[in-house]
Amino acid sequence: MAFELEALPYAADALEPHIDKTTMEIHHDRHHQAYVDNLNKAIAGTDAENLSLLDIIKNVSKYSAAVRNNGGGHYNHSLFWKVLGPNAGGTPTGELADAINATFGSFDELKKQLQAAGATRFGSGWAWLIVGADGKLEVTSTPNQDNPLMDVAEVKGTPILGIDVWEHAYYLKFQNKRPAYLEEIFNVINWDAVAQNYAAAK
């Protein structure tokens, strides 16, 4: 079964003014579509054709660089669109908030760590909030389109929030000011979606 690109769960201009419509259109319709197309090409005629994306990602060291890069790109962006949303921002509540306070001391400290992970990731990559094998929250980052589910990841866990720090995620609006983008994106993080990911990952 070939992989397919899902539609954005909201309109391309729904995250304005924090993330502009043109960036969303190019990011989703072109960049993410290219990852899906190239992943399908890379797995054609291999055993990975019959596997789920998760199974491919978790054993990615068995596959080519094209599978790793494009499979990661497809997985990471599929998560990314779902943890953003209009009328979002604010702070987490419930069990997720309790876990954040227990692990980081405060939401502000989590935000600071996520922003630092994104700002200090050299070149392209992602900042992540993950649930480790011990059930605890942790902030980490990965290069390129790698993610913490991959068997090649330095820090492993289940991602519940990913922040894209590739330039295509922010350059039209923020140019080289990645920290400004990393501040603005907190206005559109859907903490209810992150909380659902947390409940599933535990």
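These figures come from a predicted structure and were not determined experimentally.

Asks: An account of the UniProt feature "domain: Manganese/iron superoxide dismutase N-terminal" (unreviewed entry) in the chain is needed here, citing residue identities and associated values.
Replies: Here the UniProt-annotated "domain: Manganese/iron superoxide dismutase N-terminal" (unreviewed entry) positions come out as residues 3-84. Here residues 3-84 is 57% helix and 0% strand, with 22 Å between the C-alpha atoms at its ends.

Asks: Please set out the packing of aromatic side chains residue by residue, giving values where relevant.
Replies: Aromatic rings in a pair are described by how distant their centres are and how their planes are angled relative to each other. Under the defined criterion, the tally for this structure stands at seven aromatic pairs. Centroid distance Phe-80 to Trp-81: 5.4 Å. Interplanar angle 50°. Geometry classified as tilted. Each of the two residues, Phe-80 as well as Trp-81, counts as buried. Where Phe-107 meets Phe-186, the ring centres are 6.4 Å apart and the plane angle is 70°; that geometry is what we call edge-to-face. Here Phe-186 lies in the loop between helix H7 (178-184) and helix H8 (191-201) and Phe-107 lies in helix H5 (residues 107-119), a separation of 79 residues in the sequence. An aromatic cluster is built from Phe-80, Trp-81, Trp-126 and Trp-128, whose rings are joined through pairwise contacts. Sitting over the ring of Phe-174, Lys-173 keeps its end group 5.7 Å from the ring centre.

Asks: Would you mind going over the UniProt feature "binding site: Mn(2+)" (unreviewed entry) in the chain in detail, with residue names and values included?
Replies: Here the UniProt-annotated "binding site: Mn(2+)" (unreviewed entry) positions come out as His-27, His-77, Asp-164 and His-168. For the annotated residues, spread through 142 residues, the largest C-alpha to C-alpha distance comes to 12.1 Å, consistent with a single compact locus. Mapped onto the fold, His-27 is located in helix H1 (residues 21-43). Beyond its immediate stretch of four places on either side in the chain, His-27 contacts His-32, His-77, Phe-80, Trp-81, Asp-164, His-168 and Ala-169. Structurally, His-168 is set in the loop between strand E3 (158-164) and helix H6 (171-174). Excluding residues within four positions of it along the chain, His-168 makes contact with Thr-23, His-27, His-31, Tyr-35 and His-77.

The rules behind the values
Within every chain, residues take consecutive numbers counted from 1 along the sequence as written. Local features in this predicted model are restricted to residues of pLDDT 70 or higher, and side-chain atom pairs are both shown and tallied only at a pLDDT of 80 or more, whereas totals for entire chains, interfaces and linings draw on every residue. Side-chain descriptors were evaluated using all non-hydrogen atoms of the structure, hydrogens and water having been removed beforehand. UniProt positions are given in the numbering used here, feature names are shortened, and annotations may be inferred rather than shown by experiment. In DSSP terms, a helix is any run of H or I states spanning at least four residues, a strand is any run of E spanning at least two, and both are numbered starting from the N terminus. Ring pairs are drawn from Phe, Tyr and Trp, using the six-membered ring of Trp, whenever the two centres fall within 6.5 Å, and their geometry is named by plane angle: stacked under 30 degrees, edge-to-face over 60, tilted for the rest. Think of it in three bands: with a 1.4 Å probe and only protein chains considered, a residue is buried below 20% of the maximum accessible area for its type, exposed above 50%, and partly exposed in between. Look at NZ for Lys and CZ for Arg. If either is within 6 Å of the ring centre and within 35 degrees of the ring normal, a charge sits over the ring. Residue contacts follow a heavy-atom distance rule, with two residues in contact if any of their heavy atoms lie within 4.5 Å.

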